[in-house]
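Examination of the molecular architecture
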Amino acid sequence: MGTQERRQREKERRRNDILNAAECVFFSKGVNTATMDDVAEEAELSKGTLYLYFKSKQELYLGINQRGFDILGNMFQKAIKNKKTGLEKIKAMGYAYYDFAKKYPDYYRALMYFENSGIDFSDYESFFEQIKTSGFRVLHFVRDILYEGQTDGSIAGSFDAEKLSFILWGQTSGVIQIISKMDKHPNKDLNFKPADLFEEYINRAEAILTNR
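None of these values were measured; they are calculated from a predicted model.

With that settled, consider the overall build of the protein. The helix and strand inventory of the protein stands at 9 helices and 0 strands. N-terminal to C-terminal, the α/β element order of the protein is α-α-α-α-α-α-α-α-α. Scored against the burial criterion, the 212 residues of the protein give a buried share of 42%. For the protein, the accessible surface area stands at approximately 12,500 Å², while carbon and sulfur atoms represent 49% of it.

It is worth spelling out empty space enclosed by the protein at this point. Under the criterion given, the structure shown has 1 cavity of 30 Å³ or more. What the largest cavity holds in volume is close to 210 Å³. Forming the walls of the largest cavity are 17 residues, and the residues nearest its centre are Ile-90, Met-93, Gly-94, Leu-168 and Thr-172. Counting residues per element, the ones that place at least two in the lining of the largest cavity are helix 5 (86-103), helix 8 (161-184) and helix 9 (194-209). With 6 residues, the single largest contributor to the lining of the largest cavity is helix 5.

Quick look at the packing of aromatic side chains now. Here the structure, examined in full by the defined rule, presents 10 aromatic pairs. A ring pair is formed by Phe-27 and Tyr-107, whose centres lie 5.6 Å apart and whose planes are at 85 degrees; its orientation type is edge-to-face. Of this pair, Phe-27 sits in helix 1 (residues 3-29) while Tyr-107 sits in helix 6 (residues 105-116); the two residues are 80 residues apart in sequence, bridging distant segments of the chain. By relative accessible area, Tyr-107 is classed as buried at 12%. Between the aromatic rings of Phe-76 and Phe-141, the centroid separation amounts to 6.4 Å while the plane-to-plane angle is 40 degrees, which identifies the pairing as tilted. Placement of the pair is Phe-76 in helix 4 (residues 57-79) and Phe-141 in helix 7 (residues 125-152), with a sequence separation of 65 residues. Both residues of the pair, Phe-76 and Phe-141, count as buried. An aromatic cluster of three or more residues is present, and its members are Phe-27, Phe-100, Tyr-104 and Tyr-107.

The next thing to look at is the side chain of Arg-67. In this fold, Arg-67 is placed in helix 4. Given a relative accessible area of 19%, Arg-67 falls into the buried group. Other than its neighbours up to four places away in sequence, Arg-67 contacts Asn-16, Leu-19, Asn-20, Glu-23 and Tyr-107.

One pass over the structure, following the stated rule, counts 13 salt bridges. With a closest N to O distance of 2.7 Å, Arg-13 and Asp-17 form a salt bridge. Residue Arg-13 and its partner Asp-17 are both found in helix 1; the two are separated by 4 residues, about one turn of the helix. By relative accessible area, Arg-13 is classed as partly exposed at 39%. Taking the relative accessible area as the measure of exposure, Asp-17 reaches 33% and is therefore partly exposed. Among the salt bridges present, the one from Arg-137 reaches Asp-70, with a minimum N-O distance of 3.2 Å. Residue Arg-137 is found in helix 7, and its partner Asp-70 is found in helix 4; the two are separated by 67 residues along the sequence. Given a relative accessible area of 47%, Arg-137 falls into the partly exposed group. The partly exposed category is assigned to Asp-70, whose relative accessible area is 31%. Via salt bridges that share partners, Glu-10, Arg-13 and Asp-17 belong to a single interconnected network.

The rules we used
- Residues numbered from 1 in each chain as written.
- Predicted model: local features only at pLDDT ≥ 70, side-chain atom pairs only at ≥ 80, totals over all residues.
- Heavy atoms only, no water.
- Helix = DSSP H or I, 4+ residues; strand = E, 2+ residues; numbered from the N terminus.
- Buried < 20%, exposed > 50% of the residue type's maximum accessible area, 1.4 Å probe, protein only.
- Areas by Shrake-Rupley, 256 points an atom, 1.4 Å probe, with all protein chains shown as cover.
- 1 Å grid on protein atoms, 1.4 Å probe; cavity = no way out; pocket = protein on both sides within 12 Å on 5 of 7 lines; lining within 4 Å.
- Points joined across faces, edges and corners; volume = space filled by probe spheres on them.
- Phe/Tyr/Trp six-rings, centres within 6.5 Å; stacked < 30°, edge-to-face > 60°.
- Contact = heavy atoms within 4.5 Å.
- Salt bridge = Lys/Arg side-chain N within 4 Å of Asp/Glu carboxyl O.

Distances and angles like these do not, on their own, reveal function.
So, in structure tokens, the structure goes:
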């Protein structure tokens, strides 16, 4: 291994260490409350060294966000592995998204914060483009499966697969957020469990996609 390659590997290792530290801080304190000083302390680095790798808290946040999208994309790939039709794959991806929110709630909240915070991240151009690429890769994956369902006849009707991918993403995210709130603040007057709500949502979505 050459000197340049060793330096690159060390740089990548340090970058990942910093992101790991940022996750600990952001997930425990919240993005708004956490500071670069907190991250530097958690990473056991000087603040100057931290800024060599990430120029701001926003860049750190975007790096964490990309990790979340990468995990979700891998879960989607595994979920559809043994599915045959487009409809089966879309349903499997819906359940995978729900599992992602349950298994990785901090990453899920990070993704939702990115979508709902209203913060303009475009000043951090390179990181913003990376996260947009990761996000659109997930949405385009959904789009392609919807198109596959149209082609194999398992999903009925004529529709714009790209527009529908955004609609399904928004609807599924919304239902998951409702369930998350229900889990945190149980209502004894309800005659169903929060998880039952997602099952009902998947059934309703299937009925619409198949015109049943």
